[in-house]
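Here is what each chain is made of, one letter per residue.
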Amino acid sequence: MPIPPSVVPDVEGFLRSLLRNVPGAVYRSEVDDEFAMQLMGDEIERITGHPASDFAGNARRSFHSVVHPDDRDRVQRETRAALESGEAFALEYRIVTATGGVRWVLDRGLRAVDALGRECVDGIIFDITARRSAEEARRRSEAEAARVGELEAARARIIAAADDARRHIERDLHDGAQQSLVAVALTLRLAERRLEAAQLDASMVAAARAELEAALGELRELARGIHPAILSDRGLAEALRALAGRAPLPVELECDLAERLDPAVEAALYFCASEALTNAARHARATRVAVRLHASGPTVALEVEDDGVGGAAPGTGSGLRGLDDRLSAVGGALEIDSAAGRGTRVHARVPRRPAGAPNTPGAT
Ligand SMILES: Nc1ncnc2c1ncn2[C@@H]1O[C@H](COP(=O)(O)OP(=O)(O)OP(=O)(O)O)[C@@H](O)[C@H]1O
Ligand SMILES: [Mg+2]
């Protein structure tokens, strides 16, 4: 039974609307040196800035001539290889637009035979510039994130190595010079007693012993400044108690941390308290200082607040800036409130990383 005219497929109309609606430039080209276009869709003008009529039969330019010079050889080589193997190809390359800009295209095509029985290539060229730019931006931001991660890890390693060196120096001073001087002080004490027992003048020995004890006190203070042994031996809460006890101002201490933390975290918080207390004594003209250490959930917070003149600003000295570096190396942060006349509040927050946990700087 013949098909009624109303249902005969309108192939030409279908092709025309396809050509108009496909989001790319449909083409048919020769298989010659420059792949001269027999047919080129209007979309090519939006992509290249040149009208489609320029390309048909290479009327004004070949499509090959708008391919970016750095990509031309590869496009030729890969297109020919695909055609020879009878495979479809999908190539991504750059083209240079009429205004000299560069756009990325995806060219998908395959070998065909035209109405005269000649070999040709049928394909579509899509504009993929936006996708390539987004990919490029994502690659750049991933590379940047990796670089920042490496720098943070390197900074944490440097601070951990420096802390380690400080612990060793403190141990060496404690076990070496300090012990020898203590032994000499005891010997002098013995000599002093014997001289006194023999009713001889012991004043020179007593003076030497007093000087030696003063020097020992200074050496202990120096060792404590390098690294407080109590911090490694008994933890942050005890070390803060000792620090508060030695401070030249009255210190109110609140502390609700029972467990031991990672040594880098303990050191960061200890040096933070120590620097803030020293600053309060040196710069604040304060009458009292409050030190509060609170552990809540995944965070440990340290607050040092004085009632002095305010006006603390990182940048003029190295103390507050060093704290900021130290805290961020363990994934923490420092905040300073110090309005003039209203005292200073130094606030540090760090992740509550228990001793023995893996070091992951930046993880809060
Ligand atoms: N508690 C405070 N009260 C008032 N001013 C402060 C206080 N802490 C710091 N400052 C001011 O902020 C500046 C910067 O402090 P920072 O600790 O960074 O350096 P510094 O104490 O001067 O020197 P460094 O700590 O390197 O020995 C200080 O010079 C001081 O003027
Ligand atoms: Mg300081």
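Residues numbered from 1 in each chain as written. Chains lettered and ligands numbered in written order. Predicted model: local features only at pLDDT ≥ 70, side-chain atom pairs only at ≥ 80, totals over all residues. Heavy atoms only, no water.

Colleague: Please clarify how unusual backbone geometry should be interpreted in this entry.
Modeller: What you tend to see is this: most non-glycine residues have negative phi, and most peptide bonds are trans. Look at phenylalanine 35: it is not a glycine, yet its phi comes out positive at around 50 degrees. Relative to the helices and strands, phenylalanine 35 is located in the loop between strand S1 (25-30) and strand S2 (37-40). On the accessibility criterion, phenylalanine 35 (11% relative accessible area) is buried. (Helix = DSSP H or I, 4+ residues; strand = E, 2+ residues; numbered from the N terminus. Buried < 20%, exposed > 50% of the residue type's maximum accessible area, 1.4 Å probe, protein only.)

Colleague: Sorry if this is basic, but what is going on with the coordination of the magnesium ion (ligand 2) here?
Modeller: Around a metal, the idealised angle for a tetrahedral arrangement of four donor atoms is 109.5 degrees; for an octahedral arrangement of six donor atoms it is 90 or 180 degrees. Note on the magnesium ion (ligand 2): its protein donors are Glu275 (OE) and Asn279 (OD1). The metal-donor distances range over 2.0 to 2.2 Å. Of the two residues, glutamate 275 and asparagine 279 both sit in helix H10 (residues 263-283), 4 residues apart, roughly one turn of that helix. On the basis of relative accessible area, asparagine 279 is assigned to the buried category, the value being 15%. (Donors = N, O, S within 2.8 Å, 3.2 Å for Na, K, Ca; no water.)

Colleague: Looking at this structure, I do not really get the nonpolar core. What am I missing?
Modeller: Generally speaking, nonpolar side chains in soluble globular proteins are found buried as a group. Judged by nonpolar contacts, the single largest core of 37 residues is most densely connected at Leu236, Leu269 and Leu302. Where this core is concerned, the elements lending two or more residues are helix H9 (236-246), H10, strand S7 (289-296), strand S8 (299-306), helix H11 (319-329) and strand S10 (344-351). No other element matches the 12 residues that H10 contributes to this core. Apart from the residues lying within four places of it in its own chain, the contact partners of leucine 302 are Leu240, Leu269, Cys272, Ala273, Val291, Arg292, Leu293, Val346, His347 and Ala348. Counting residues in hydrophobic clusters, the runner-up holds 22 residues, among them Ile47, Val66, Ala82 and Leu83. (Core = buried A, V, L, I, M, F, W, Y, C linked by side-chain atoms within 4.5 Å. Contact = heavy atoms within 4.5 Å.)

Colleague: How do you make sense of the sheet that holds S1 when you look at a structure like this?
Modeller: Pairing between the strands of a sheet comes from backbone hydrogen bonds, and it takes one of two forms, parallel or antiparallel. A sheet is described by the order of its strands in space; here 5 strands give the open sequence S2-S1-S5-S4-S3, paired in antiparallel fashion. Each edge of the open sheet carries a strand with a single partner, namely S2 and strand S3 (89-96). Strand-to-strand, the axes of this sheet are offset by a mean angle of 25 degrees, without reference to chain direction. The sheet contact formed by S3 and strand S4 (residues 102-113) spans 8 bridges and is antiparallel. Paired with glutamate 92 across the bridge in S4 is leucine 106. Of the strands in this sheet, S3, S4 and strand S5 (119-127) touch helix H6 (residues 129-197), which is tilted by about 125 degrees from S4. (Pairing = 2+ DSSP bridges. Axes fitted to C-alpha atoms, helices over the stretch in contact; angles between N-to-C directions.)

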